[in-house]
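# Reading the structure
Here's the letter readout for the chains.
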Number of protein chains: 2
Amino acid sequence: MTETQGSNPSRRALIGWGGAGLALGAAVAGGAVAVAQSGEDADPVADGMGGAVEFHGAHQAGIATPVQDRLHFAAFDVKTDDREAFVQLLKDWTEAARRMTAGKPVGEGAYGGLAEAPPDDTGEALGLKPSRLTLTIGFGPSLFDRFGLKDQRPPALVDLPKFPGDNLERSRTGGDLCVQACADDPQVAVHAIRNLARIGFGKVAVRWSQLGFGKTSSTTPGAQTPRNLFGFKDGTRNIAGTETDRLDEHVWVGAGDGPAWMTGGSYLVARRIRMNIETWDRTSLQEQEDVFGRDKREGAPVGKAKEHDEPFLKAMKPDAHVRLAHPDSNDGITILRRGYSFTDGTDGLGRLDAGLFFLAYQRDVRKGFIPLQRKLAAHDALNEYIQHVGSAVFAVPPGVRDSGDWWGRTLFSKEA
Amino acid sequence: MTETQGSNPSRRALIGWGGAGLALGAAVAGGAVAVAQSGEDADPVADGMGGAVEFHGAHQAGIATPVQDRLHFAAFDVKTDDREAFVQLLKDWTEAARRMTAGKPVGEGAYGGLAEAPPDDTGEALGLKPSRLTLTIGFGPSLFDRFGLKDQRPPALVDLPKFPGDNLERSRTGGDLCVQACADDPQVAVHAIRNLARIGFGKVAVRWSQLGFGKTSSTTPGAQTPRNLFGFKDGTRNIAGTETDRLDEHVWVGAGDGPAWMTGGSYLVARRIRMNIETWDRTSLQEQEDVFGRDKREGAPVGKAKEHDEPFLKAMKPDAHVRLAHPDSNDGITILRRGYSFTDGTDGLGRLDAGLFFLAYQRDVRKGFIPLQRKLAAHDALNEYIQHVGSAVFAVPPGVRDSGDWWGRTLFSKEA
Ligand code: HEM
Ligand code: HEM
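Residues numbered from 1 in each chain as written. Chains lettered and ligands numbered in written order. Predicted model: local features only at pLDDT ≥ 70, side-chain atom pairs only at ≥ 80, totals over all residues. Heavy atoms only, no water.

Per an unreviewed UniProt entry, chain A goes by Deferrochelatase and derives from Streptomyces lavenduligriseus. As recorded by UniProt, the Catalytic activity (unreviewed entry) comment attached to chain A reads in full: "heme b + 2 H(+) = protoporphyrin IX + Fe(2+)". (UniProt positions renumbered as here; feature names shortened; annotations may be inferred.)

In structure tokens form, the structure reads like this:
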């Protein structure tokens, strides 16, 4: 999740379109050493949002990476029984992901090809910066019913139970695969998913997808905490991307945790949670603050003055969201939240189809989301204002180590 | 459409939350004189995207204003027969719009009120910058069936005819009113529409709404032209916000054009156009370029080298989009395009529900969109790859002149 440093060519410059006079930015420092790439002028300004995030590493980027502004998440169904073909797709996807996260178009010559052939890249991100794009792949439980993978299914990758209040729509639930695309520019995130879908044509098909426009969690210490659609700061108490000890303890799969192929990976739970905006907006401030156990203005825990003051759980109502979700109420259970707000127009009743696309990473779903959500689903005061309408769970394999490696190699390759 | 200059307080600072240490930006120069507002440090960097656009003026902002990055567009149905109540709503909306576009929350004391009452503002934009938010209101044909307005309906506000190929969904068509919210931060645009909907509760209800994530047209001379979801530069030939003569000729309603209450206003056509991404992506580069009559890489007209070279229409295929849409093929017809790309997940067949939310402003729909679209609907090569699925037309009244004025006053007030 370190960010490349140094001059940061746009897609345009990278495919050699001349682009003289284009102002190109230098990536923000992310802990990586400087990589000299070209002679273009650095422009630190353009950069907070423009830089590239390193694709390779022990873990996939997009989990502990500082949360980008936008999300395009897609769940795919597999449409082939040919293991070779599927493995080839994973390799092709990896290569495309490697290029796109670096700000390059898919394919060596986006327009070097024949006029009679469709361009390798769909083109709408040409000229845009890498925008901190990360692409993170996950494997759903149903994938392990295919390709002779049954024995490789991690015990931690359980099917989620039905929780009280769940009102799941089939068309927003499940998936053999997922790709989470996060970027500071939505066009870059949408472009990435679209090009992966296109490369996968005939082998995989998009089952459902979700666009998120406002991050609701921060994993960057010191950054201003974003607000969710209920107007509350969200992500105050989260694991920071810099807390390597907590990441090792709660997020990354350890060597002894399950099948060896998952070491360095994580488990992702995605929940599409509708928020009843109209009802909430007619609720008193007092009730709103009681529901969370924090005040709306500062985000401070009940009885405290500042957002980052240590919560005193007993001062909160017994059914307050924070009191119920806090690790102290759950034998220390801690998850990494990485959700986004969404607004998908209006439903048939003229109500905003809006809410939280909840994304949580953890080392073991059985010791993370499941017990937490069991408790919340049964007791949370928030339940009056929300409804879970979509759900999926994925095993997120470890990172792609280098330019010869590919997504899923540890699962699919005999010589892993 | 000038932008306020000088120190540019965030919503947070404006409602007096102390917010010490918050870095606040100064608005970019937009031709306005400097307005000293506070002692906070100016931060020109944060500003390209953060500033406030002046709400008051002869014309509504959001038309000739340099196009912001994001859109939330809502069409409303009126739910009351009480003219007084409706006029009061327009006044309340104006006041809220005035505050929100300045980066302030709705209501004087967002949290100064009683804990027993719902907060005046829903809160999710607190701490965010004004983000160049503009709010633009329009009145649909059906509004004139109400409130004794029949005689005031402008002849130019015709119901759109059915064009060949139209496949309009009722749930995305029409509306008594619309509000176009544009901002560089989607959370700010969504917040604005939501709060207007909330203020309108019981009097109006959202009929449909559309989120746009990528502007597809530029109205800023010299700026890099954005690309649409077919990967082509879009907006190359458009009216620039600085071309006052062309705006007067093609966009603003003149004094002799129709009912006096519309002078200084404009007419808006909104079309939700699905783009068949999957088909397009399998089409050869040659065919793609033939369809538009421009090349994909540079955006240059056929036979020319550069994007802004003068098109030679006869070099293009007879059914090329640009050839058919160019003013020279249409007795000079010129519209101001202000559309946005959208991606609303996937449809039941696993295809991206993506396309162009086409927005065009013009002085008279009968001499702008209608003849143009008649021709395009009949002949455009692009039709193989697109489908119009939503449609609406609105009379956009002139600007709110000052702090005592309100949206629609020229239509509703006896002393107009
Ligand atoms: C729409 C649904 C939800 C909303 C609006 C919401 C909102 C919030 C807010 C405002 C906070 C306090 C600030 C913070 O520490 O981040 C919070 C904390 C938290 N939430 Fe949620 N949340 C939702 C769903 C969930 C779900 C489904 C889970 C897990 C199953 C969850 C787990 C947590 C945890 C673990 C904390 C931190 C508690 C602490 O350590 O103090 N939330 N949430
Ligand atoms: C999904 C649908 C559409 C797409 C993808 C599209 C795309 C484009 C592109 C790439 C250009 C060339 C660059 C430029 O000058 O902006 C263009 C030009 C233009 N389009 Fe469209 N367009 C669409 C629909 C429409 C519609 C519905 C109209 C009006 C009824 C329209 C009117 C125009 C006009 C007036 C021009 C400028 C022609 C010139 O002066 O050279 N377009 N469009």
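Let us keep going from here.
## Quick word on the interface of chain A and chain B
The partner chain B presents 56 residues to the 55 residues of chain A that form the contact. Summing the contributions of chain A and of chain B, the shared interface buries around 4,800 Å²; its carbon and sulfur component is 55%. A salt bridge links A:D281 to B:R194; its shortest N-O distance comes to 2.7 Å. Across the chain A-chain B interface, the total number found is 20 residue pairs in polar contact (both at pLDDT 80 or more). Grouping the amino acids of the side of chain A that touches chain B by side-chain chemistry returns 22 nonpolar, 18 polar and 15 charged. (Contact = heavy atoms within 4.5 Å. Buried area = accessible area lost by both parts, 1.4 Å probe. Salt bridge = Lys/Arg side-chain N within 4 Å of Asp/Glu carboxyl O. Polar contact = N/O pair within 3.5 Å; in protein donor to acceptor, adjacent residues only side chain to side chain. Nonpolar A, V, L, I, M, F, W, Y, C, P; charged D, E, K, R; others polar.)

## Section: the confidence of the model for chain A
Averaged over every residue, the pLDDT of chain A is 86; the share at 70 or more is 86%. Every residue in residues 1-47 of chain A is under pLDDT 50, and counting partners more than four places away or in other chains gives 107 contacts. (pLDDT = per-residue confidence, 0-100.)

## Examining the site of ligand 1
Residues and elements named next belong to chain A. Close to ligand 1 lie 25 residues; G235, T236, R237, H321 and R337 are nearest. T236 places a main-chain nitrogen or oxygen 3.0 Å from an oxygen atom of ligand 1. Residue H321 places a side-chain N or O atom 2.9 Å away from a nitrogen atom belonging to ligand 1. Among the elements of the structure, β8 (266-275), α7 (321-325), β11 (352-362), α8 (369-379) and β12 (386-396) are those that each provide at least two residues to the shell around ligand 1. Looking at the shell around ligand 1 residue by residue, the classes come out as 13 nonpolar, 7 polar and 5 charged. (Near = heavy atom within 4 Å. Helix = DSSP H or I, 4+ residues; strand = E, 2+ residues; numbered from the N terminus.)

## A word on the coordination of the iron atom of ligand 1
No other protein atom reaches the iron atom of ligand 1 as a donor apart from A:H321 (NE2), found 2.0 Å away. Here A:H321 lies in helix α7. (Donors = N, O, S within 2.8 Å, 3.2 Å for Na, K, Ca; no water.)

## So, the packing of aromatic side chains
All names here are of chain A. Tallying each qualifying case throughout the model produces 38 aromatic pairs over all chains. Ring centres of F139 and F412 lie 6.3 Å apart, and the angle between their planes is 85°; on these two criteria the pair is classed as edge-to-face. With a gap of 273 residues between them, F139 in strand β4 (residues 134-139) and F412 in helix α9 (residues 409-412) connect regions that are remote in the sequence. Overall, F139 belongs to the buried group, its relative accessible area being 0%. The exposure class of F412 is buried, given its relative accessible area of 4%. (Phe/Tyr/Trp six-rings, centres within 6.5 Å; stacked < 30°, edge-to-face > 60°. Buried < 20%, exposed > 50% of the residue type's maximum accessible area, 1.4 Å probe, protein only.)

## Looking at the packing of helix α2 (residues 83-101) of chain A against helix α3 (residues 186-199) of chain A
All names here are of chain A. Packing of α2 against α3 brings their axes to within 10 Å, and their N-to-C directions diverge by 155°. In this view, α2 runs roughly antiparallel relative to α3, as classed from their interaxial angle. The chirality of how α2 crosses α3 is right-handed. Note on element contacts: α3 touches α2 through H191, A192, N195, L196 and I199, opposite L89, D92, W93, A96 and M100. (Axes fitted to C-alpha atoms, helices over the stretch in contact; angles between N-to-C directions. Parallel < 35°, antiparallel > 145°, perpendicular 65-115°, else oblique. Left-handed = near helix turned anticlockwise from the far one by under 90°.)

## Overview of the site of ligand 2
Taken together, 25 residues are adjacent to ligand 2, and B:G235, B:T236, B:R237, B:H321 and B:R337 come closest. The set of elements that each furnish at least two residues to the shell around ligand 2 consists of β8 (266-275), α7 (321-325), β11 (352-362), α8 (369-379) and β12 (386-396) of chain B.

## So, the relation of the copies chain A and chain B
The transform that puts chain A on chain B rotates by 180° and translates by 0.0 Å along the axis, for an RMSD of 0.0 Å. Given the turn and translation reported, the copies of this chain are related as if by a two-fold rotation axis. Here 100% of the interface residues in chain A have copies in chain B that are interface residues too; the copies meet face to matching face. (Least-squares fit on C-alpha atoms with pLDDT ≥ 70 in both.)

## Concerning the pattern of salt bridges
In a structure, side chains of opposite charge can pair up when their charged atoms sit close to one another. All names here are of chain A. Counted under the stated rule, the structure contains 47 salt bridges over all chains. Note that D405 is salt-bridged to R409, the shortest N-O span being 2.4 Å. For D405, a relative accessible area of 6% translates into the label buried. A single salt-bridge network, built from bridges that share partners, covers R272, R274, D344 and D353.

## Observations regarding the pairing of β8(A)
Residue and element names in this part refer to chain A. Counting buried residues along β8, 10 of its 10 residues qualify, which places the element largely inside the surrounding structure. Side chains S266, L268, A270, R272 and R274 project from β8 onto one buried face, and the interleaved Y267, V269, R271, I273 and M275 project onto a second face that is buried too. The sheet contact formed by β8 and β12 spans 10 bridges and is antiparallel. Of the residues in β12, the one forming a bridge with A270 is A392. Pairing of β8 with β11, which is carried by 8 bridges, proceeds in the antiparallel orientation. Within the sheet, the bridge partner assigned to R271 lies in β11 and is F358. (Pairing = 2+ DSSP bridges.)

## Observations regarding empty space enclosed by the protein
One pass over the structure, following the stated rule, counts 5 cavities of 30 Å³ or more. By volume, the largest cavity is sized at about 190 Å³. Around the largest cavity, the lining is made up of 19 residues, and of these A:L211, A:G212, A:F213, B:L211 and B:F213 lie nearest the centre. Of all the secondary-structure elements, those providing two or more residues to the lining of the largest cavity are β3 (70-78), α3, β6 (204-212) and β10 (340-346) of chain A together with β6 (204-212) and β10 (340-346) of chain B. Class assignment of the residues belonging to the lining of the largest cavity gives a composition of 9 nonpolar, 6 polar and 4 charged. (1 Å grid on protein atoms, 1.4 Å probe; cavity = no way out; pocket = protein on both sides within 12 Å on 5 of 7 lines; lining within 4 Å. Points joined across faces, edges and corners; volume = space filled by probe spheres on them.)

## Here's the deal with the nonpolar core
Counting residues in each nonpolar core, the largest one holds 78 residues, and the members touching the most others are B:F86, B:W93, B:L135, B:F139, B:L143, B:F230 and B:F412. If one sorts the elements of this core by residue count, helix α2 (residues 83-101) of chain B sits on top with 8 residues. Every residue in contact with B:W93, bar those within four places of it in the chain, is listed here: B:F76, B:I137, B:L177, B:V179, B:L196, B:I199, B:G200, B:V204 and B:W407. Counting 76 residues, the second-largest nonpolar core is a separate cluster that includes A:F139, A:A156, A:L229 and A:I333. (Core = buried A, V, L, I, M, F, W, Y, C linked by side-chain atoms within 4.5 Å.)

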